[in-house]
Amino acid sequence: MKSITYTFFPIGLILLMMMSSCNFSGKSKEHAFNPSNTLDQLEVLLTQLNELDTTDCANLDEIVSINEKMRRIVENIRSAESFDQLAKTYKTQHSNVKFMVSEDMAFGVFSWRTKMDCLGNQIKNIALYKTDKGVLASSLYGTPRIYHKVGSSSFKKGRYILYADNLIKGYSISNGYLEEIQLGPNEASYVKNELFEDE
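Residues numbered from 1 in each chain as written. Predicted model: local features only at pLDDT ≥ 70, side-chain atom pairs only at ≥ 80, totals over all residues. Heavy atoms only, no water.

Asks: Provide a residue-level description of the environment of F107, including the pertinent values.
Replies: Examined against the element boundaries, F107 turns out to sit in strand 2 (residues 107–116). What makes F107 buried here is its relative accessible area of 0%. Residues F107 and A127, 20 residues apart in the sequence, show an inter-C-alpha distance of 7.2 Å. (Helix = DSSP H or I, 4+ residues; strand = E, 2+ residues; numbered from the N terminus. Buried < 20%, exposed > 50% of the residue type's maximum accessible area, 1.4 Å probe, protein only.)

Asks: Quick one: what's the story with the nonpolar core, residue by residue and with numbers?
Replies: F107, F110 and W112 are the most contacted members of the largest nonpolar core, which totals 40 residues. Of all the elements in the fold, those that place two or more residues in this core are helix 2 (35–50), helix 3 (60–75), helix 4 (80–92), strand 1 (98–101), strand 2, strand 3 (121–131), strand 6 (159–164) and strand 7 (167–174). (Core = buried A, V, L, I, M, F, W, Y, C linked by side-chain atoms within 4.5 Å.)

Asks: Pulling in residues and values, what's your account of helix 3?
Replies: In this model, helix 3 (16 residues) spans 22 Å end to end at C-alpha, consistent with the 22 Å of a helix rising 1.5 Å per residue. I63, I66, N67, M70, I73, V74 and E75 are the residues of helix 3 that are buried. Residues of helix 3 that are buried make contact with helix 2, strand 2, strand 3 and strand 4 (134–139). (Expected span 1.5 Å × (residues − 1). Contact = heavy atoms within 4.5 Å.)

In structure tokens, the structure reads:
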């Protein structure tokens, strides 16, 4: 009896490993990132948000909940491949949630109107940026804006310029961290000229 037990144990183990491998592969394909679906989900949530009445801070709990869902969707974009797919899809798919990406495809910013005026938060800005550890997300603090363009600095790698109407902001990625920076004189001059050309 012992010999039979030892004979079938490795075979059973191999079959179990094969079944587990198939299940894992199936789940991976099932949960593969779909950029179009991601943008659609954000669009549906933003539509729900825009339909809510905010008079006298009405529907605040639901408004906060929808914004949290949108934030989680954006912050779950964790790989460079997903980032690139989303950036390419955004160019061809109309969306009211703004997603501006730098020319080097390493930095992007999501912007949308939150309708959380009662909490002093009218616009949400979330930056996504590539690092050696994948894509990281960071809320942009200070006065939020709807950004319409993200430029890469031609003076130093890892520096980015965000454009929102007549406002410009500089950000730098260093050692995997994102920080707001003051633009140097050359960069500021370059940005002003570029804004003038865009007009």
